[in-house]
Amino acid sequence: MNKYIVLAFFFVAITACDKSAKPINYGEDQCDFCSMGIVQKTHAAQMVTEKGKQHKFDAIECMVNFIKDESGKFDNATLLVANYNQPGEMIPAENASYLISGNLPSPMGAYLTAFASLSDAEAAQEKLEGKIYQWDDLEKVIKKDIHKTH
């Protein structure tokens with residue numbers, strides 16, 4: 001009987017330390033910031049904390065504001081955003097380029113979209129206008145006018 005307890009403890013310890021991102025279940029998972037259902041594969045975002053806690057968001061602006069609410073708490077978290085050109089593909093937030101264009105809506109109204117490269121963002125900008133940003137700029141430009149409950 002003791003060996004089963006040890007095995008169960010070992011299994012819990014290993015899974016509790018898992019820091020890899022778990023796939024978003026589109027249409028089932030809810031945003032950890034605004035509580036809306038996550039349905040758009042083109043604008044979702046995800047964070048995995050140092051301890052492995054998963055946070056999923058229906059829009060990049062929700063993740064930005066979630067992080068703003070807890071300034072400094074998520075400095076070492078893994079941050080992922082949906083690559084607009086490859087719906088469902090998650091890319092590191094820090095490496096992405098972002099377009100804010102009134103011609104490309106996002107779920108929470110910030111018109112914020114992520115692209116895997118600067119050249120992809122520039123190509124979209126040529127068609128849709130708007131301004132390109134990098135991850136470090138977003139905390140300053142994304143306004144906290146999203147409501148947490150709808």
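All of the points below concern the structure found in this document. The residue numbers shown here count from 1 along each chain, following its written sequence. With pLDDT at 70 or above as the cut-off, local features in this predicted model cover only qualifying residues; side-chain atom pairs require 80 or more to be listed or tallied, and sums for whole chains, interfaces and linings still use all residues. As a convention, hydrogens and water are excluded, and side-chain values are obtained from all of the structure's heavy atoms.

Our next topic: the overall build of the protein. Runs of H or I in DSSP of at least four residues are treated as helices and runs of E of at least two as strands, each being numbered from the N terminus. Across its full length, the protein holds 4 helices and 7 strands. Order of helices (α) and strands (β) in the protein, N terminus to C terminus: α-β-β-α-β-β-β-β-α-β-α. In this analysis, two residues are considered to be in contact whenever any of their non-hydrogen atoms come within 4.5 Å of each other. Excluding contacts between residues fewer than 6 apart, the proportion of contacts in the protein whose partners are at least 24 apart in sequence is 58%. As presented, the protein carries roughly 8,700 Å² of accessible surface, and 53% of it is formed by carbon and sulfur atoms. Throughout, the Shrake-Rupley method with a 1.4 Å probe supplies accessible areas, and for residues the shown protein chains are the sole cover considered.

As used here, the term nonpolar core means buried Ala, Val, Leu, Ile, Met, Phe, Trp, Tyr and Cys residues forming a set that is joined through side-chain atoms within 4.5 Å. Three exposure classes are used, based on accessible area relative to the maximum for each residue type with a 1.4 Å probe and protein chains only: buried under 20%, partly exposed in between, and exposed over 50%. Within the largest apolar cluster, 30 residues are counted, with the highest numbers of intra-cluster contacts made by Ile60, Met63, Val81, Tyr98 and Trp135. Mapped onto this core, the elements with two or more residues apiece are strand 1 (45–48), helix 2 (60–69), strand 3 (78–82), strand 5 (97–100), strand 6 (112–115) and helix 4 (135–141). Among the elements that take part in this core, helix 2 stands out by supplying 6 residues, more than any other. If sequence neighbours within four positions are ignored, Tyr98 has contacts with Ile60, Val81, Ala93, Leu112, Thr113, Ala114, Lys131, Ile132, Tyr133, Gln134, Trp135 and Leu138. Residues Leu99, Ala121, Ala124 and Ile132 belong to the second largest nonpolar core, which totals 6 residues.

As a further point, take helix 2. For helix 2, the tally of buried residues reaches 8 of 10 residues, placing the bulk of the element in the interior. All of the buried residues in helix 2 are Ile60, Glu61, Cys62, Met63, Val64, Asn65, Phe66 and Ile67. In the core, the buried residues of helix 2 are packed alongside strand 1, strand 2 (54–57), strand 3, strand 5, strand 6 and helix 4.

The criterion for strand pairing is that DSSP finds at least two bridges linking the strands in question. Pairing is antiparallel across the open sheet formed by 4 strands, whose spatial order is 2-1-3-4. Of all strands in the sheet, those bounded by a partner on one side alone are strand 2 and strand 4 (90–92). Taken over all neighbouring pairs, the strand axes of this sheet differ in orientation by 25° on average, direction set aside. Axis lines are fitted to C-alpha atoms, over the contacting stretch for helices. Their N-to-C directions set the angle, which ranges from 0 to 180 degrees. Against the sheet, helix 2 makes contact with strand 1, strand 2 and strand 3, and its axis sits at roughly 35° relative to strand 1, the strand it touches most.

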